[in-house]
Amino acid sequence: DGYYSHRPKEKNKVDSNNENSVPKDFENIDNSNFGARSQPRRQSVGAGSSKQQREQLQEKAHSRQAWRDSSPGRERSSNEVLPLGQQPLAFGNNGSHLDSPRQQDYDQPPKCEISGKEAISALARAKSKECRQQIAEVYCRHKEGQLMPERVTRYCPLEGKANANVQWDEDSAESFPLKPVRIAFVLAVHGRASRQFQRLFKAIYHTSHYYYIHVDQRSNYLHRQVQALAALYPNVRVTPWRMATIWGGASLLTMYLRSMADLLAMRDWSWDFFINLSAADYPIRTNNQLVAFLSRYRNMNFIKSHGRDNARFIRKQGLDRLFYECDTHMWRLGDRKIPEGVSVDGGSDWFLLNRLFVEYVINSQDDLVANMKRFYAYTLLPAESFFHTVLENSAHCESMVDNNLRITNWNRKLGCKCQYKHIVDWCGCSPNDFKPADFHRFQQTVRPTFFARKFASVNQEVVNQLDSYLFGPFPQGTKGLSSYWENVYDEPDGVASLSDTRLTYYHSFSRLGLARAAASLQGNPKDHSCRYFPMGHPVSVHLYFHSDQFQGYLVKHHATNLATSKLETLETWVSPKNNFKLTGAPGSTFSRLQFAEIGAEWDAKERMFRNFGGLLGPTDETVGMQRWSKGANVTVTVVWIDPTNVIAATYDILIDANAEFTHYRPPLNQPLRPGVWSVRILYHWSPVAEMRFLVAPLTYSKHQPIRQDDALKLHNGPAKNSYMEQSFHGLNPVLNIPVSLGYVEQAKRNAALTGQQLEHWVDGLVGELWEAADICAVGPTACPVMQACPKNPWSSMSPDPKSHLGPPRADGRIR
């Protein structure tokens, strides 16, 4: 459970001229582990036999490798995209937006001259006029010395930091306290993982405690689920207000302070401790053990400090920089000074605070609290520092315990990849998810820990292990224990919440299910009892996992039965086909490659695609991923081939001995040509593996059936059929990829399709990479061979005892 900085490594030499420049840590970092570089132009392949061309290319590859090996002082990073020439492609310069914003971008002109490059950059990037106005106002107030307190009063009688020593006795929970503490849990949740949240709630629930739930303003589906949950239990309430909080944002601290104020105002809720949790948390000890421990230390406050040199912490955390949140983004606006008189502290933003200190933070108007609220309103990651600083400098300082009673799964190598740069002008770190191999960490008894984070909804096995450890296993044979469902679309969200790509796929999945139903009755061709006509948009869509492996999509949809003319509601399960195969010759010396995949929304921290199943359209940014076993350093060539056999991209990857994953996003010109693409991996120009992926043509544009002019724009491929500035046409004969004018002519005809013809084309393509595994009936059906969905173990309507919420038992628990 450690502190990791949120700022890039400091260089020994700082160029004073660039002190206020827009920093690389949020402007120019490519999330791929290759950096933002593409292949320079390959040498064109001239006339001659393909064997000669291949030998020439191999010779050049060997000479390039020899140059790399012999070049003195050249830094070579693992998993690097290797250049194949001397002239790299020009990329857009992120610094080009640093021109001063026009005066008409404001309702009122700024009250000062905005000269800092960070502020100018923020103004140029902010989307709304309101946000630009606020940034300018904050910058000018700060420039005039009106924003930050210069000096703050310290009330702690101690010098230095207090840290009360607390002991954990595993047997202390056996004797339950006479006057047990009561806990107010504040659950800050977002996303769509309602079943994961229900599992957490089930594990921490007790009738003696209170549960106040804030659902992010953008998570309407989860809000509906949480409201239904709160209606079942009198000690559960949902905040009547909602905020759109962001990682590192000032809004997160505002949300906590507002929740605290609400809890203090609830006269019917008498609580002793405030604990904040997210849906990615899970208990690792029981409620009774937690209550026994806190009852023993009811006057303490448990908060984790960074444990580092304080001046270094301030720099690394960005506390000496001015930030402002608007447009759901934290903008960096320049430097500032830390107020004199107080010691700034910080660490983890997960804590357990007693009621006395919470009352002080909310109700006190003294100089410390008032000025710290003012200071932290313009601070990056304020929840990671505000409560620490107020506690350490207040009269409550001696109640501080440097332990937040949690285990956090930090892996700096994976967790610090600037993954939040799209919402924060800073490089941030976040913990990794626990896996089953980490289970032994929860059983340690040396230090008092009661919660752990993070747990991913798509990794349920470790949660199952914890459940059994804490509460005993479910009865043998209980259904659904290895399955997990997560909603990705719900009808009340409206189709406007879906991209045209997803809407296209979900409709096609539904039609694949109806085709399966029609094929289920053999024999009488006049029997239409299992034949359907699709009606309307999908009702809901779920991801389906079994044993933590993605099994496909579950689409609930309406259709008219052709035999009865009645509307039925069905659920179709579509599963992805295996589209990766090793193609190396038997006995090949190359055996490091384990798997490869093309997708979108690559999560470099968890090493997985968040776009499950790779639902790609013509305007999606594609990423190629490879998984490796350990072995000797190797260089492989990756070749991307579009549906008309045009080589769209090719690049080399240096795989070092210990590399496990590589990924790269080739900067392809869009729109990508619809159809089934292939990607080949070559070693010494011999094929090692091949994978296929689908770029689906869209049947919808702006959520309406696509018109021909839009179809022609999206489905004709990039301009001049050129995916990059250089052409790889000369490699076609070398790689034995035939160029066919017939493919090109057919692609042109397909690009003009609309209506049913377009749907037939889409369904044919989707059917190459997906299959309808099953279909069931949500309600009454005229199809005699179709099962009811609750009886199908794969259906989202089948029993899920892990997240099922029932009434409290006599002991006050529901798990």
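Residues numbered from 1 in each chain as written. Predicted model: local features only at pLDDT ≥ 70, side-chain atom pairs only at ≥ 80, totals over all residues. Heavy atoms only, no water.

Where an unreviewed UniProt entry is consulted, the protein appears under the name Xylosyltransferase 1, with the organism given as Tetraodon nigroviridis. Regarding the protein, the relevant UniProt record gives this comment under Catalytic activity (unreviewed entry): "UDP-alpha-D-xylose + L-seryl-[protein] = 3-O-(beta-D-xylosyl)-L-seryl-[protein] + UDP + H(+)". In the Subunit (unreviewed entry) part of its UniProt record, the protein is described as follows: "Monomer." (UniProt positions renumbered as here; feature names shortened; annotations may be inferred.)

This part covers the side chain of Asn 611. Structurally, Asn 611 can be placed in the loop between β21 (608–609) and β22 (623–628). A distance of 3.3 Å separates polar atoms of two side chains, one belonging to Asn 611 and the other to Arg 502. One polar contact links the side chain of Asn 611 to the main-chain amide nitrogen of Leu 615, over a distance of 3.1 Å. (Helix = DSSP H or I, 4+ residues; strand = E, 2+ residues; numbered from the N terminus. Polar contact = N/O pair within 3.5 Å; in protein donor to acceptor, adjacent residues only side chain to side chain.)

Summed over the entire model, instances satisfying the criterion amount to 7 disulfides. With a sulfur-sulfur separation of 2.0 Å, Cys 776 is cross-linked through a disulfide to Cys 789. Sign of the S-S torsion, about 95° for the bond between Cys 776 and Cys 789, identifies this disulfide as right-handed. Of the two residues, Cys 776 sits in strand β30 (residues 770–777) while Cys 789 sits in the segment after β30, which places them 13 residues apart along the sequence. Note on Cys 789: relative accessible area 0%, which makes it buried. (Disulfide = S-S within 2.5 Å. Buried < 20%, exposed > 50% of the residue type's maximum accessible area, 1.4 Å probe, protein only.)

So, on to the packing of helix α5 (residues 194–204) against helix α6 (residues 220–230). Following both chains from N to C, one finds α5 and α6 inclined at 35°, their axes separated by 10 Å at the closest point. Every pair of crossing elements has a handedness; the one defined by α5 and α6 is right-handed. When α5 is examined against α6, the residues Ser 194, Phe 197, Gln 198 and Phe 201 are found in contact with a partner set consisting of Tyr 221, Leu 222, Gln 225, Val 226 and Leu 229. Along the lines of polarity and charge, the residues of the contact of α5 with α6 split into 6 nonpolar, 3 polar and no charged. (Axes fitted to C-alpha atoms, helices over the stretch in contact; angles between N-to-C directions. Left-handed = near helix turned anticlockwise from the far one by under 90°. Contact = heavy atoms within 4.5 Å. Nonpolar A, V, L, I, M, F, W, Y, C, P; charged D, E, K, R; others polar.)

All right, on to the pairing of strand β7 (residues 301–305) then. The element β7 is largely enclosed, with a buried count of 5 among its 5 residues. Covered by surrounding structure in β7 are Asn 301, Ile 303 and Ser 305 together with Phe 302 and Lys 304, the residues of both alternating faces. Of the strand pairs in this sheet, β7 and strand β11 (residues 400–401) are connected by 2 bridges, and their pairing is parallel. When the bridges of β11 are listed, Asn 301 appears paired with Met 400. (Pairing = 2+ DSSP bridges.)

Two elements in contact, helix α15 (residues 500–519) and helix α19 (residues 755–769), have axes whose closest approach is 10 Å; the angle formed by their N-to-C orientations is 80°. With respect to α19, the element α15 is oriented roughly perpendicular. Across the interface between the two elements, Thr 504, Tyr 505, Ser 508, Phe 509, Arg 511 and Leu 512 from α15 touch Glu 759, Val 762, Asp 763 and Val 766 from α19. Split by residue class, the contact of α15 with α19 holds 5 nonpolar, 2 polar and 3 charged. (Parallel < 35°, antiparallel > 145°, perpendicular 65-115°, else oblique.)

Within the open sheet, the 3 strands sit side by side as β6-β13-β12. Their pairing is mixed. In this open sheet, the two strands that pair with only one neighbour each are β6 (281–283) and β12 (406–408). Across this sheet, the average inter-strand angle for adjacent strands is 20°, counted without regard to direction. Pairing of β12 with strand β13 (residues 451–453), which is carried by 3 bridges, proceeds in the parallel orientation. From the neighbouring strand, Arg 406 faces β13, where its bridge partner is Phe 451. The strands touched by α5 within the sheet are β6 and β13, with β6 carrying the most contacts at an inclination of about 30°.

Here the distance between the centres and the angle between the planes together describe a pair of aromatic rings. In total, this model carries 48 aromatic pairs according to the counting rule given. Ring centres of Tyr 324 and Tyr 378 lie 6.2 Å apart, and the angle between their planes is 25°; on these two criteria the pair is classed as stacked. Of this pair, Tyr 324 sits in strand β8 (residues 321–326) while Tyr 378 sits in the loop between α11 (367–376) and α12 (386–393); the two residues are 54 residues apart in sequence, bridging distant segments of the chain. Feature note: the residues Tyr 484, Tyr 505, Tyr 506, Phe 509, Phe 545, Phe 550, Tyr 553, Phe 612 and Trp 770 constitute an aromatic cluster, connected by ring pairs. Above the plane of the ring of Phe 375 lies Arg 336, whose end atom (NZ or CZ) is 3.7 Å from the centre. (Phe/Tyr/Trp six-rings, centres within 6.5 Å; stacked < 30°, edge-to-face > 60°. Lys NZ or Arg CZ within 6 Å of the ring centre and 35° of its normal.)

A few words on unusual backbone geometry. Omega for the bond connecting Arg 453 with Lys 454 falls within 30 degrees of zero, at 10°, which places this linkage in the cis form. Summarising the element assignment, Lys 454 is placed in the loop between β13 and α14 (461–471). Looking along the chain, the bond that leaves Gln 670 and enters Pro 671 is cis, with omega of 5°. One can find Pro 671 in the loop between β25 (661–664) and β26 (675–683). Backbone geometry places Lys 702, a non-glycine residue, at a positive phi of 55°. Within the fold, Lys 702 resides in the loop between β28 (700–701) and β29 (704–705). In the Ramachandran plot, Lys 720 falls in the positive-phi region, its phi being about 55° despite a non-glycine side chain. Within the secondary structure, Lys 720 sits in the loop between α16 (708–715) and α17 (731–734).

Our next topic: the pairing of strand β16 (residues 549–561). As defined by bridge partners, strand β15 (residues 532–546) adjoins β16 across 11 bridges and the pair is classed as antiparallel. In the strand pairing of β16, His 546 is matched with Gln 549. In textbook terms, the turn of a hairpin is the stretch between consecutive antiparallel strands, and for β15 and β16 this stretch comprises 2 residues, one of which, Ser 547, has a positive phi near 50°.

This part takes up the nonpolar core. Counting 67 residues, the largest nonpolar core has Ile 135, Tyr 256 and Phe 387 as its most contacted members. Top element by residues in this core is helix α7 (residues 250–265). It accounts for 8 residues. Beyond its immediate stretch of four places on either side in the chain, Phe 387 contacts Leu 253, Tyr 256, Leu 257, Met 260, Ile 303, Phe 351, Leu 353, Phe 357 and Val 361. In this structure, Val 181, Tyr 233, Phe 293 and Leu 466 belong to the second largest nonpolar core, which totals 54 residues. (Core = buried A, V, L, I, M, F, W, Y, C linked by side-chain atoms within 4.5 Å.)

A word on α5. Buried residues dominate α5, accounting for 11 of its 11 residues. Of the positions making up α5, those classed as buried are Ser 194, Arg 195, Gln 196, Phe 197, Gln 198, Arg 199, Leu 200, Phe 201, Lys 202, Ala 203 and Ile 204.

Within the protein, residue pLDDT values average 86, and 85% of them lie at 70 or more. Per-residue pLDDT stays below 50 along residues 1–54; that stretch engages in 150 contacts with residues further than four places along the chain or on separate chains. Predicted confidence for residues 59–100 stays below pLDDT 50, and this span has 76 contacts to residues more than four positions away or in other chains. (pLDDT = per-residue confidence, 0-100.)

Bringing helix α4 (residues 129–143) into the picture now. Compared with an ideal rise of 1.5 Å per residue, which puts 15 residues at 21 Å, α4 spans 21 Å between its outermost C-alpha atoms and is within 8% of the ideal. Looking only at α4, the buried set comprises Cys 131, Arg 132, Gln 133, Ile 135, Ala 136, Val 138, Tyr 139 and Cys 140. In this fold, the buried residues of α4 make contact with α3 (117–125), β8 and β9 (329–335). One or two residues past the end of α4 sits Gly 145, with phi positive at roughly 75°. (Expected span 1.5 Å × (residues − 1).)

Moving on to the environment of Glu 745. One can find Glu 745 in helix α18 (residues 741–751). Along the backbone, Glu 745 and Thr 644 are 101 residues apart, and their C-alpha atoms lie at a distance of 9.3 Å.

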